[in-house]
Amino acid sequence: MADAPSSAEEQLSRLIAIMARLRDPERGCPWDVKQSFGTIAPYTIEEAYEVADAIERGDMDDLKDELGDLLLQVVFHARMAEEAGHFAFADVARAISEKLIRRHPHVFDGAGGALDAKATWEAIKADERKAKAERRGASGLETSPRDLFDGIGAGLPALLRSTKLQGRAASVGFDWPNVAPVLDKVDEELAELRAEIAAPAGPETDKRRFEEFGDLMFVVVNLGRWLDIDPEAALRSANAKFIRRMGEVVKGAEEEGRKLEEMRLDEMGVYWDRAKAREREQGGK
């Protein structure tokens, strides 16, 4: 058996060939053959989250595997596009390479310095959005060259999309002057939600509670932007903390020979508080 290819170029070519074989209508895998952009998209999102999770855990072996799974998604989409005559993997790679060079003139053209990098990046992105909007307008698609939020996909996770929407608005001056009024807005939205919770129950109240809860989440995302905190990462961290502490509660119940359902909340709280105390001793929060 011949030695497996070792270079990045050879391995990538091998992966592209494997994907083509899997999609072969006659000799391929029936599951792979019947897939479409729509059916594969959820897996693409899932794999991106798996990458983020491996990074969060600091597991480099898992990160290697998860990056491979994410790369497969790119190759899969590119293969389907090639079969439909739209573009191929090489076009995808070429497009991102050209974009990186275009957005880093301070590196590749010697224009400007590192201090100008962020401003240059944003200016180039703005020009790209305008050009894309104009192309879409020319092709008859429903859009406007002045669309402020062009490029912020509706398919993004809600927390991420909210962050991007508010950041884009801030880039044109629609923003608070400092973090203090953002905190005031959090208090205001929370008070409005409290008022709806206290209101008599009914369909209209449920609708208003839904709206006020959304408003509260939206402004909390804005607070995260002001504090330079990624709300998605912060919530993932909180989820992990909750799982960790509940694990201590479950362990405590097992040591007592009891089921969680048999324990009172204050009894479970003893083990929860022990988990919190242990985390503080270890430098956690």
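Whatever comes next refers back to the structure up there.
Note that the structure is predicted; figures quoted are calculated from it, not measured.

## What about the overall build of the chain?
- Counting its regular elements, the chain contains twelve helices and zero strands.
- When its helices and strands are written in sequence order, the chain yields α-α-α-α-α-α-α-α-α-α-α-α.
- Evaluated residue by residue, the chain yields a buried proportion of 23% over its 285 residues.
- Long-range contacts, defined as pairs at least 24 residues apart, comprise 48% of the intrachain contacts of the chain with a sequence gap of at least 6.
- Entry remark: accessible area of the chain is about 19,500 Å², with carbon and sulfur atoms responsible for 58%.

## Concerning a nonpolar patch on the surface
- Residues Leu71, Val74, Phe87 and Val92 make up a contiguous nonpolar surface patch of about 280 Å² in total accessible area.
- Its place among the elements puts Val74 in helix 4 (residues 60-83).

## Some thoughts on the nonpolar core
- Judged by nonpolar contacts, Met19, Ile40, Val75, Phe76, Ala78, Met80 and Phe89 together constitute the single largest core of seven residues.
- Residue contributions to this core peak at four residues, all from helix 4.
- Residues in contact with Ile40, not counting those within four places in the same chain, are Trp31, Gln35, Gln73, Phe76, His77 and Met80.
- Counting six residues, the second-largest nonpolar core is a separate cluster that includes Val182, Val186, Val219 and Leu223.

## Considering unusual backbone geometry
- The backbone of Asp228 sits at a positive phi, close to 60 degrees, despite the residue not being glycine.
- Along the chain, Asp228 falls in the loop between helix 10 (203-226) and helix 11 (231-255).

## Quick notes on the packing of helix 9 (residues 179-198) against helix 10
- Here helix 9 crosses helix 10 at 165 degrees, and the two axes come no closer than 9 Å. By the angle between their axes, helix 9 is roughly antiparallel relative to helix 10. For helix 9 against helix 10, the interelement crossing comes out left-handed. Residues Val179, Val182, Leu183, Lys185, Val186, Glu189, Leu190, Glu192, Leu193, Glu196 and Ile197 of helix 9 form the contact with helix 10, whose own contacting residues are Thr205, Arg208, Arg209, Glu212, Phe213, Asp215, Leu216, Val219, Asn222, Leu223 and Trp226.

Each value, and the rule that gives it
Residues numbered from 1 in each chain as written. Predicted model: local features only at pLDDT ≥ 70, side-chain atom pairs only at ≥ 80, totals over all residues. Heavy atoms only, no water. Helix = DSSP H or I, 4+ residues; strand = E, 2+ residues; numbered from the N terminus. Buried < 20%, exposed > 50% of the residue type's maximum accessible area, 1.4 Å probe, protein only. Contact = heavy atoms within 4.5 Å. Areas by Shrake-Rupley, 256 points an atom, 1.4 Å probe, with all protein chains shown as cover. Patch = residues over 30% accessible without salt bridge, like charges linked within 9 Å, V, L, I, M, F, W, Y side chains within 5 Å. Salt bridge = Lys/Arg side-chain N within 4 Å of Asp/Glu carboxyl O. Core = buried A, V, L, I, M, F, W, Y, C linked by side-chain atoms within 4.5 Å. Axes fitted to C-alpha atoms, helices over the stretch in contact; angles between N-to-C directions. Parallel < 35°, antiparallel > 145°, perpendicular 65-115°, else oblique. Left-handed = near helix turned anticlockwise from the far one by under 90°.

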